[in-house]
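Spelled out from the first residue to the last, the chains are:
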Amino acid sequence: MIEKVITYSIFLKSIEQNEILSDLLSGFKILKLCSNFQNRTEVLEDFVKSRPSILFMDVDEIDVLSAIYKPMFIVGICNKKQSKSLKKYLDGGFFDFLVMPIQKKDFMPVIAKILNFYGEVISSQKPFYSEAAENPITYNNRILEKASFTKDYIFLEGNRKREALRICFDDVKYIALNHTESVFFFENGNRKTVKTTLKYLQDKLPSDKFQKINRSIIVNIDKISKYMKNDKILIGDEVMVVSRNFKRELKQKLKM
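Quick summary incoming for the structure in this document.

The rules behind the values
Residues numbered from 1 in each chain as written. Predicted model: local features only at pLDDT ≥ 70, side-chain atom pairs only at ≥ 80, totals over all residues. Heavy atoms only, no water. Helix = DSSP H or I, 4+ residues; strand = E, 2+ residues; numbered from the N terminus. Buried < 20%, exposed > 50% of the residue type's maximum accessible area, 1.4 Å probe, protein only. Contact = heavy atoms within 4.5 Å. Areas by Shrake-Rupley, 256 points an atom, 1.4 Å probe, with all protein chains shown as cover. Salt bridge = Lys/Arg side-chain N within 4 Å of Asp/Glu carboxyl O. Pairing = 2+ DSSP bridges. Axes fitted to C-alpha atoms, helices over the stretch in contact; angles between N-to-C directions. Phe/Tyr/Trp six-rings, centres within 6.5 Å; stacked < 30°, edge-to-face > 60°.

With that settled, consider the overall build of the chain. Helix and strand counts for the chain stand at eight helices and 17 strands. Across the 256 residues in the chain, those meeting the buried criterion constitute 45%. Considering only intrachain contacts with a sequence separation of at least 6, the fraction spanning at least 24 residues in the chain is 48%. Within the structure as shown, the chain displays about 14600 Å² of accessible surface, and the carbon and sulfur contribution to it stands at 49%.

Now for the pattern of salt bridges. One pass over the structure, following the stated rule, counts twelve salt bridges. Residue Lys 105 pairs with Asp 106 through a salt bridge whose shortest N-O separation is 3.3 Å. Here Lys 105 falls in the exposed class, since its relative accessible area comes to 53%. A salt bridge links Asp 231 to Lys 247; its shortest N-O distance comes to 3.4 Å. Here the residue Asp 231 occupies a position in the loop between strand 15 (224-228) and strand 16 (232-235), and Lys 247 occupies one in helix 8 (residues 244-253), the gap between them amounting to 16 residues. Residue classification places Lys 247 among the partly exposed residues on the basis of a relative accessible area of 29%. Taken together, the salt bridges that share partners define one network made up of Lys 13, Arg 40, Asp 58, Asp 60, Glu 61 and Asp 63.

Attention now goes to the sheet that holds strand 3 (residues 54-58). Backbone hydrogen bonds hold the strands of a sheet together, and the pairing may be parallel or antiparallel. Ordered by their spatial adjacency, five strands build an open sheet running 2-1-3-4-5, and the pairing between neighbours is parallel. Single-partner strands in this sheet number two, and they are strand 2 (31-37) and strand 5 (96-99). Sheet twist, expressed as the mean angle between neighbouring strand axes with direction ignored, is 20°. Where strand 1 (residues 6-11) meets strand 2, six bridges bridge the pair, whose relative direction is parallel. Pairing of Phe 11 across the sheet is with Phe 37, part of strand 2. Contacts between helix 1 (residues 15-25) and the sheet are confined to strand 1, strand 2, strand 3 and strand 5, with strand 1 contributing the most and set at about 170° to the helix. Contacting strand 1, strand 2 and strand 3, helix 2 (residues 40-50) crosses the sheet at an angle of about 145° to strand 2.

Along the polypeptide, Leu 234 turns up in strand 16. Linking Leu 234 and Lys 223, residues eleven residues apart in sequence, is a C-alpha distance of 8.5 Å. What Leu 234 contacts, discounting residues up to four positions off in sequence, is Lys 223, Ile 224, Ser 225, Lys 226, Met 228 and Val 239.

In spatial order, the strands read 15-16-17; together these three strands make up an open sheet with antiparallel pairing. The sheet terminates laterally at strand 15 and strand 17 (238-241), the two strands that pair on one side only. Taking each pair of neighbouring strands and ignoring which way they run, the sheet shows an average axis angle of 25°. Relative to strand 16, strand 15 runs antiparallel, the two sharing four bridges. Across the sheet, residue Lys 226 finds its bridge partner in strand 16, namely Leu 234.

Applying the stated criterion across every chain, the model contains nine aromatic pairs. Each ring, one from Phe 169 and one from Phe 210, has its centre 5.4 Å from the other, and the planes form 80°; the classification is edge-to-face. Of the two residues, Phe 169 is situated in the loop between strand 9 (165-168) and strand 10 (172-178) and Phe 210 in strand 13 (residues 210-214); the sequence distance between them amounts to 41 residues. Take Phe 169 and Phe 210: they sit in the same class, and that class is buried.

Moving on to the pairing of strand 16. Of the two faces of strand 16, the one holding Ile 233 and Ile 235 is buried and the one holding Lys 232 and Leu 234 is not buried anywhere. Between strand 15 and the antiparallel strand that follows it, strand 16, lie three residues; Asn 230 among them carries a positive phi value of about 60°. The pairing of strand 16 with strand 17 spans four bridges and is antiparallel. The residue of strand 17 that forms the bridge with Leu 234 is Val 239.

Okay, structure coming up:
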């Protein structure tokens with residue numbers, strides 16, 4: 001059952017940024033503050049009691065996460081220098097980031113993604129989408145070259161023309177080639193297009209999670225529910241053909 005109220009906590013050393021963030025969050029009736037920490041002692045002592053769904057925190061306090069209950073969404077607050085090297089924070093479980101000084105135009109897409117994930121419906125009975133989510137953006141090779149690929153995610157920083165993109169590999173069913181573009185198909189039915197080849201993605205994606213099965217499809221191995229006769233696999237309700245060139249490697253990964 002979806003929560004009617006989503007709880008959040010703030011752990012920021014900067015009083016000014018704390019006030020800006022608190023003011024922005026107060027505009028959402030669906031969000032409820034359960035704690036506002038100023039130092040790590042307070043976090044370690046009280047966090048287990050509040051158990052919020054969202055935590056806004058300084059990225060340089062990442063080591064605190066090893067000692068507390070981890071919320072579903074961890075939003076890192078960083079400076080411009082830190083924003084250029086986010087890989088270790090993604091590996092640490094961060095969902096997204098806000099660069100100081102925090103601005104509304106950057107804050108809104110982050111909250112939109114969180115609310116969309118929850119599937120919450122606002123008073124208008126329409127899903128809360130950011131402008132970028134309503135107008136899908138194609139990500140090209142030049143942008144992908146600056147992407148952070150980790151064992152669990154692909155993270156692309158946003159700008160004025162495109163939304164920041166965070167692809168969680170566990171949410172991906174498969175990736176299909178469409179002419180000069182590759183389309184990510186997610187379990188929730190959504191799609192995201194990147195203007196690049198499957199070969200480029202195959203070299204970047206973790207090989208223990210993904211496998212190419214033919215010239216036009218890379219699958220998430222964990223999403224394969226059945227290996228059928230005539231070298232076909234079942235993902236959800238979709239049947240896909242495994243070509244001879246990739247059959248042996250796929251079976252090895254499936255431990256068949």
